[in-house]
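Working through the structure, step by step
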Amino acid sequence: MSTPSHVLVAGASAAGLATAEALRRKGYTGELTLLGDEPHVPYDRPPLSKQVLAGAWQPDRAHLRTREVLDALDARFVLGDAAVSLDTANRTIHTASGRALRADAIVLATGVRPRTLPGQENLRGVHVLRSLDDALALRADLLRARRLLVVGDGVLGAEIAATARGLGVEVILAGPQSAPLATQLGPLASGLLAELHAENGVKLRLGAGVEALTADGDRVTGARLSTGEVLDAELVVVALGAVPRTDWLEDSGLVLGNGVVCDSRCRAAEGVYAAGDVARWHHERLGSLLRLENRTNATEQALAVAANLLGADQPYTPIPYFWTDQFDAKLQIHGVLTPGAEVTVVEGDPAGRRFVARYERHGKAVGVLGWNMPKQARLHRQQHLTTGGTR
Amino acid sequence: MKITVDEDKCCGAGSCVLAAPEVFDQRDEDGVVLLLEAEPAEHLRPAVREAANVCPAAAISLSEA
Ligand SMILES: Cc1cc2nc3c(=O)[nH]c(=O)nc-3n(C[C@H](O)[C@H](O)[C@H](O)COP(=O)(O)OP(=O)(O)OC[C@H]3O[C@@H](n4cnc5c(N)ncnc54)[C@H](O)[C@@H]3O)c2cc1C
Ligand code: SF4
């Protein structure tokens, strides 16, 4: 494909902005449009469950770039207007307000939306956490509440539980796993996380899924577990994972299946690419389709897409990476910590809550976890996870 | 080019070190970014731009002068 003269990006957040910036850095001088349904300029999501929810940061500290830097990008931002359909053959996106935006190349970066429990939309006192507005609404309610129930024992649920405890709220964390993040981290690290939460006063109700929310009129009162037990709370956050925002692409002819399905170049169709949480691409070295929901991937995949838009024809083969902050623990996870992997502590000491662990499968290192040892974790990543790197 | 880093934002990812090891390092204790060269030489600048761009916490700002 020749260099496009107009690139249109749907989704004006981490991946969308990074695509635009990478295009400019690589010398692209054509027209650039970013379309986003949120009214805000691009902001970062990781601080939402941490600094912004805690009140340590004013919302604008989460903005990804200053006004000046955005202006210097020389891109047209169409904000507060959602893409509602894509005409793939004509590379035209139609929007909720009736715009028809045509381009030579399109990048899909619409992210994911939180999964919900049946009926929760009609209840007061129930929250999800994906956007800045979600974070501010949850924070406002947390400052008035005595008791919060977090439904979901994954990364987001555990972070919200920790932040809410920091605000002095009583917190119950409910979920089906034996410990927070058990499937993601394995028994050693998730066991330590469970201890950390318990020590800090989070009541863990693990090992049973939440079946339904309970309510009094239109106000939530808690939730019922699959065991029949009922947990009372004034406020509930549902953090049950997320689904790719591809509903608007249903008639596009693109292959959809837990994300926009792409080839190893992150290409969904001729001139149509996907990046970030919404993209499910073929990872050549792992030999399978992969979709990652983490901040580093949003940027790195955007870089790969920008390069391929300009003709690089390179496969995207990153080492997955994410971090999470809970209480005084900062975890860094490089690679893929498959369940059942063999775990060896290679530095520090779990008892001292500062260590690096290496995860191996069939004698081959597949992942590295750092617990309050970010630099050392990165060094072990460089030592052990050399194949499959982005550069 | 002048680099500034916002230590409060830094999440210790180390992506900047992977991209430009001559210019960035991390503190041993908490992984927070260490600036080795606030005004990097010409030949390092592309790598620095890359580092600023891949930082998942948007903690690195550049002013081109
Ligand atoms: C609270 C929270 C905490 C997190 N913490 C961490 C962390 O500690 N570490 C980590 O690695 N990752 C973390 N993540 C994940 C990380 O933020 C995401 O991986 C990243 O934001 C993905 O970027 P994206 O641009 O692909 O998607 P998003 O950031 O979701 O952006 C997609 C954008 O597209 C817009 N959009 C959607 N549909 C349409 C449409 N039809 N038309 C126009 N616009 C549309 C959305 O409103 C949104 O603005 C966290 C996420 C959340 C929500
Ligand atoms: S990449 Fe960003 S967040 Fe990571 S260590 Fe460097 S400055 Fe900090």
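Residues numbered from 1 in each chain as written. Chains lettered and ligands numbered in written order. Predicted model: local features only at pLDDT ≥ 70, side-chain atom pairs only at ≥ 80, totals over all residues. Heavy atoms only, no water.

Some details on the sheet that holds strand S1 (residues 6-10) of chain A
Residues and elements named next belong to chain A. Taken in spatial order, the 6 strands of this open sheet run S3-S2-S1-S7-S20-S19, and their pairing is mixed. Edge positions in the open sheet fall to strand S3 (76-79) and strand S19 (267-269), since each of these has one partner strand only. Across the sheet, the axes of successive neighbouring strands diverge by a mean angle of 20 degrees, strand direction being ignored. Against the sheet, helix H1 (residues 14-25) contacts S1, strand S2 (31-36), S3 and strand S7 (105-108), and its axis sits at roughly 170 degrees relative to S2. (Pairing = 2+ DSSP bridges. Helix = DSSP H or I, 4+ residues; strand = E, 2+ residues; numbered from the N terminus. Axes fitted to C-alpha atoms, helices over the stretch in contact; angles between N-to-C directions. Contact = heavy atoms within 4.5 Å.)

Focus on the site of ligand 1
Residue and element names in this part refer to chain A. In the vicinity of ligand 1 lie 30 residues, with Asp 37, Glu 38, Arg 45, Lys 50 and Asp 277 positioned nearest. In isolation ligand 1 has 1,000 Å² of accessible area, and contact with the protein removes 95% of it. Those elements that place two or more of their residues in the shell around ligand 1 are H1, helix H5 (155-166), helix H7 (295-309) and strand S23 (321-326). Here the shell around ligand 1 is composed, by residue class, of 12 nonpolar, 8 polar and 10 charged. Structurally, the shell around ligand 1 is a two-domain feature, drawing no fewer than three residues from each of domain 1 (6-113 + 243-309) and domain 2 (116-240). (Near = heavy atom within 4 Å. Areas by Shrake-Rupley, 256 points an atom, 1.4 Å probe, with all protein chains shown as cover. Nonpolar A, V, L, I, M, F, W, Y, C, P; charged D, E, K, R; others polar. Domains from an automatic or database assignment.)

Structural notes on the nonpolar core
Counting residues in each nonpolar core, the largest one holds 78 residues, and the members touching the most others are Val 7, Ile 93, Leu 108 and Val 260 of chain A together with Phe 24 of chain B. Residue contacts for Phe 24 of chain B: discarding those within four places in its chain leaves Ile 3, Val 5, Cys 16, Val 17, Val 33, Leu 34, Leu 35, Leu 36, Val 48, Ala 51 and Ile 60 of chain B. Counting 23 residues, the second-largest nonpolar core is a separate cluster that includes Leu 132, Ala 135, Leu 148 and Val 150 of chain A. (Core = buried A, V, L, I, M, F, W, Y, C linked by side-chain atoms within 4.5 Å. Buried < 20%, exposed > 50% of the residue type's maximum accessible area, 1.4 Å probe, protein only.)

Digging into the packing of aromatic side chains
Residue and element names in this part refer to chain A. Tallied over the entire structure, the rule returns 3 aromatic pairs over all chains. Centroid distance Trp 281 to Tyr 316: 4.9 Å. Interplanar angle 40 degrees. Geometry classified as tilted. Here Trp 281, found in strand S21 (residues 279-283), pairs with Tyr 316, found in the loop between H7 and S23; they are 35 residues apart in sequence, far enough to count as distant. The exposure classification of Trp 281 matches that of Tyr 316, with both residues buried. With centroids separated by 6.4 Å and ring planes inclined at 25 degrees, the aromatic side chains of Tyr 321 and Trp 323 adopt a geometry described as stacked. By relative accessible area, which is 3% here, Tyr 321 ends up buried. The side chain of Arg 61 reaches across the aromatic face of Trp 57, ending 4.6 Å from its centre. (Phe/Tyr/Trp six-rings, centres within 6.5 Å; stacked < 30°, edge-to-face > 60°. Lys NZ or Arg CZ within 6 Å of the ring centre and 35° of its normal.)

Some words on the pattern of salt bridges
All names here are of chain A. What the rule picks out here adds up to 35 salt bridges over all chains. One salt bridge in this structure joins Asp 44 and Arg 295, with 2.6 Å as the shortest N-O distance. Within this pair, whereas Asp 44 is found in the loop between S2 and helix H2 (51-54), its partner Arg 295 is found in helix H7, the two being separated by 251 residues in sequence. Grouping residues by exposure puts Asp 44 and Arg 295 together as buried. A salt bridge links Asp 325 to Lys 330; the nearest nitrogen and oxygen atoms lie 3.5 Å apart. By relative accessible area, which is 19% here, Asp 325 ends up buried. We classify Lys 330 as partly exposed; its relative accessible area is 35%. (Salt bridge = Lys/Arg side-chain N within 4 Å of Asp/Glu carboxyl O.)

Considering the pairing of S1 of chain A
All names here are of chain A. For S1, the tally of buried residues reaches 5 of 5 residues, placing the bulk of the element in the interior. Because side chains alternate across S1, one face comprises the buried residues His 6, Leu 8 and Ala 10, and the other comprises Val 7 and Val 9, equally buried. One ladder, built from 5 bridges, connects S1 with S2; its direction is parallel. Paired with Ala 10 across the two strands is Leu 35, which belongs to S2. As for the winding sense of the linkage, the β-α-β connection from S1 through H1 to S2 is right-handed. (Right-handed = clockwise from strand over helix to strand, strands pointing away.)

A short note on the environment of Ile 160 of chain A
Residue and element names in this part refer to chain A. Inspection of the secondary structure assignment puts Ile 160 in helix H5. Separated by 16 residues in sequence, Ile 160 and Pro 176 have C-alpha atoms that sit 17 Å apart. With residues near it in sequence (within four places) discarded, Ile 160 still touches Ser 49, Leu 53, Leu 129, Leu 138, Leu 148, Val 150 and Val 237.

Structural notes on the domain arrangement of chain A
Residues and elements named next belong to chain A. According to the domain assignment, chain A contains domain 1 (6-113 + 243-309), domain 2 (116-240) and domain 3 (328-384). Using C-alpha coordinates to define each centre, domain 1 is positioned 29 Å away from domain 2. Taken residue by residue, the interface counts 14 residues in domain 1 and 15 residues in domain 2. Both sides together, the interface formed by domain 1 and domain 2 hides about 1,400 Å², and carbon and sulfur atoms give 63% of it. Three residues, Leu 48, Ser 49 and Leu 53, lead the burial of domain 1 against domain 2; their summed loss comes to 40% of the area buried on that side. Scanning the region where domain 1 abuts domain 2 turns up 2 salt bridges. Two residues, Lys 50 and Glu 159, come together in a salt bridge whose shortest N-O distance is 3.1 Å. At the junction of domain 1 and domain 2, the tally comes to 9 residue pairs in polar contact (both at pLDDT 80 or more). The element contributing the most residues to the side of domain 1 that touches domain 2 is H2, with 3 residues. In terms of residue class, the side of domain 1 that touches domain 2 is made up of 7 nonpolar, 3 polar and 4 charged. (Buried area = accessible area lost by both parts, 1.4 Å probe. Polar contact = N/O pair within 3.5 Å; in protein donor to acceptor, adjacent residues only side chain to side chain.)

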